[in-house]
Amino acid sequence: MDRFVWTSGLLEINETLVIQQRGVRIYDGEEKIKFDAGTLLLSTHRLIWRDQKNHECCMAILLSQIVFIEEQAAGIGKSAKIVVHLHPAPPNKEPGPFQSSKNSYIKLSFKEHGQIEFYRRLSEEMTQRRWENMPVSQSLQTNRGPQPGRIRAVGIVGIERKLEEKRKETDKNISEAFEDLSKLMIKAKEMVELSKSIANKIKDKQGDITEDETIRFKSYLLSMGIANPVTRETYGSGTQYHMQLAKQLAGILQVPLEERGGIMSLTEVYCLVNRARGMEVSEKGSLTSEEFAKLVGMSVLLAKERLLLAEKMGHLCRDDSVEGLRFYPNLFMTQS
Amino acid sequence: MAMSFEWPWQYRFPPFFTLQPNVDTRQKQLAAWCSLVLSFCRLHKQSSMTVMEAQESPLFNNVKLQRSKGHLFLLPDSSLKYLWRKAEGRQQTEGKLPVESIQIVLEELRKKGNLEWLDKSKSSFLIMWRRPEEWGKLIYQWVSRSGQNNSVFTLYELTNGEDTEDEEFHGLDEATLLRALQALQQEHKAEIITVSDGRGVKFF
């Protein structure tokens with residue numbers, strides 16, 4: 001909770017409102033705090049919470065401070081929630097409701113529903129990262145995640161340099177993105193089929209789930225890097241599980257985060273985590289410019305340029321058919 | 001028609017059916033096509049073809065080509081599971097190498113010596129999975145091995161005679177055989193002659 005800063009709640013120029021929802025309670029980690037009824041606003045740059053009773057009590061965090069988000073479904077007597085994992089607060093942070101906190105995440109509880117749509121919009125903003133392209137006033141700018149050793153680039157030269165850095169990073173990510181995407185797709189597809197068959201058996205009581213199926217299911221989990229299938233059941237309460245998972249993620253993400261100046265999109269995180277957990281390559285997928293634009297968070301035009309450049313450099317090859325133009329990893333060069 | 005022919009991995013790779021603009025990639029792609037055409041024709045014992053036939057053949061048409069398509073949904077629950085949902089039904093489409101690209105593949109084969117146009121309008125061609133010079137060499141080796149230099153054979157004897165049953169050139173089509181012998185003729189190792197009911201060859 002120490003990441004929040006007091007704010008007037010007014011949007012800056014270039015900052016747009018995306019969605020808002022009444023009846024939201026904030027938790028500091030697992031703890032209930034006094035902010036139990038407020039309106040939650042999502043803008044292109046920030047997450048703002050305003051107390052319903054006292055409108056002057058208004059605070060915000062930058063979207064760039066969010067590491068990743070999770071959904072928590074509603075239960076009996078429990079509202080649906082969004083768990084927001086955050087970067088540590090920068091030392092020069094403006095004042096807010098809490099000076100310090102032992103938690104690196106907060107929970108947003110949607111007492112008057114609206115969680116699903118809010119989560120969807122928040123995910124979208126996290127992927128698109130519009131705050132990067134729409135600069136706002138300096139006061140908002142200073143609140144970024146840790147950037148060890150990174151030169152604060154300003155002006156045209158700075159913008160150009162940042163674009164260049166991003167371009168280099170994207171080129172490297174292109175082939176990695178393809179691998180991860182397709183590794184995931186084939187594995188997930190198999191898992192879904194198997195899960196369906198098992199679920200049906202349970203539902204229709206059609207005989208026993210064979211040992212073979214159990215072994216196959218466990219081996220899929222293993223191949224996804226989950227050596228010991230961790231479920232809510234195995235690990236008791238959600239908190240403990242989240243802590244374990246968060247620890248694992250922290251280990252995987254620390255260096256890559258530092259390399260990227262402390263900010264990563266959710267898709268990048270997911271790709272890295274799965275790669276670290278060592279998924280096998282079994283089939284390669286493909287991307288159109290539109291799909292790629294969405295994946296890395298850039299315009300379709302720019303995405304197409306990036307793909308064409310990667311093709312020129314021999315990393316990708318094309319499939320031009322009535323279905324459209326798709327790009328594949330260049331297996332002609334890599335396969336014997 | 002496909003019989004037990006084993007298609008190479010490229011045949012199931014959609015970009016194989018698009019002529020690649022990148023020069024290095026194209027080189028690899030064309031090499032793969034040439035190799036596929038030759039092994040296909042070899043297995044099906046096809047020594048000649050028209051361009052029309054080629055266009056309709058499974059060789060340049062993979063009717064069962066899969067193009068991977070789908071939507072990625074992130075469904076985070078406590079174990080971060082993911083779901084892949086197909087856009088609509090099965091994504092089976094067709095992989096068809098356009099005729100201009102087929103022409104380019106055929107031209108590559110011609111440059112390598114494995115193809116010869118049979119007419120000026122380039123509508124039909126001879127396809128030789130071994131180049132004529134290579135066949136010539138094999139034939140001449142057999143002739144020398146069996147001590148039959150200075151013997152005369154009819155073309156039929158060479159390809160269908162009992163004596164050549166174990167040889168690779170047994171069953172070779174006449175058009176290719178002739179070209180093989182012409183190659184030997186160039187090297188003064190053979191001479192194509194006329195015999196009673198057709199043509200024959202004398203080896204030196």
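Our subject is the structure listed above.
Residues numbered from 1 in each chain as written. Chains lettered and ligands numbered in written order. Predicted model: local features only at pLDDT ≥ 70, side-chain atom pairs only at ≥ 80, totals over all residues. Heavy atoms only, no water.

A.B. asks: Any details on the packing of aromatic side chains? Residues and values, ideally.
C.D. replies: Going through the model one piece at a time under the given rule, you end up with 21 aromatic pairs over all chains. Grouping aromatic residues by their ring pairs yields a cluster made of Y328(A), F332(A), F5(B), W7(B), W9(B), Y11(B), F13(B), F16(B), F17(B), W33(B), F40(B) and F60(B). Its guanidinium or amino end placed over the ring of W129(B), R42(B) lies 3.6 Å from that ring's centre, counting from NZ or CZ. Sitting over the face of the ring of W135(B), R130(B) holds its NZ or CZ atom 5.0 Å from the ring centroid. (Phe/Tyr/Trp six-rings, centres within 6.5 Å; stacked < 30°, edge-to-face > 60°. Lys NZ or Arg CZ within 6 Å of the ring centre and 35° of its normal.)

A.B. asks: So, the pairing of strand β11 (residues 324–329) of chain A: which residues are in play, and what are the values?
C.D. replies: Looking along a regular strand, one sees the side chains alternate between the two faces of the sheet. Residue and element names in this part refer to chain A. Here strand β10 (residues 316–321) runs beside β11; their pairing, made up of 6 bridges, is antiparallel. For R318, the partnering residue across the bridge sits in β11 and is F327. Following β10, the chain reverses through 2 residues before pairing antiparallel with β11. (Pairing = 2+ DSSP bridges. Helix = DSSP H or I, 4+ residues; strand = E, 2+ residues; numbered from the N terminus.)

A.B. asks: Tell me about the nonpolar core, and please be specific about residues and values.
C.D. replies: Within the largest apolar cluster, 34 residues are counted, with the highest numbers of intra-cluster contacts made by F60(B) and L109(B). The contact partners of L109(B), leaving out residues within four places of it in the chain, are C34(B), V37(B), L38(B), N114(B), L115(B) and I127(B). If you look at the next biggest cluster of nonpolar residues, it comprises 29 residues, including I26(A), L47(A), L108(A) and L122(A). (Core = buried A, V, L, I, M, F, W, Y, C linked by side-chain atoms within 4.5 Å. Buried < 20%, exposed > 50% of the residue type's maximum accessible area, 1.4 Å probe, protein only. Contact = heavy atoms within 4.5 Å.)

A.B. asks: Quick one: what's the story with the sheet that holds strand β6 (residues 115–117) of chain B, residue by residue and with numbers?
C.D. replies: Residue and element names in this part refer to chain B. The 3 strands are arranged β1-β7-β6 in an open sheet whose pairing can be described as antiparallel. Because the sheet does not close on itself, it has two edges, and the strands there are β1 (48–50) and β6. Each adjacent strand pair in this sheet contributes to an overall mean axis angle of 25 degrees, direction not counted. Contacts from helix α3 (residues 99–112) reach β6 and β7 (124–127), with the element oriented near 110 degrees to β6. (Axes fitted to C-alpha atoms, helices over the stretch in contact; angles between N-to-C directions.)

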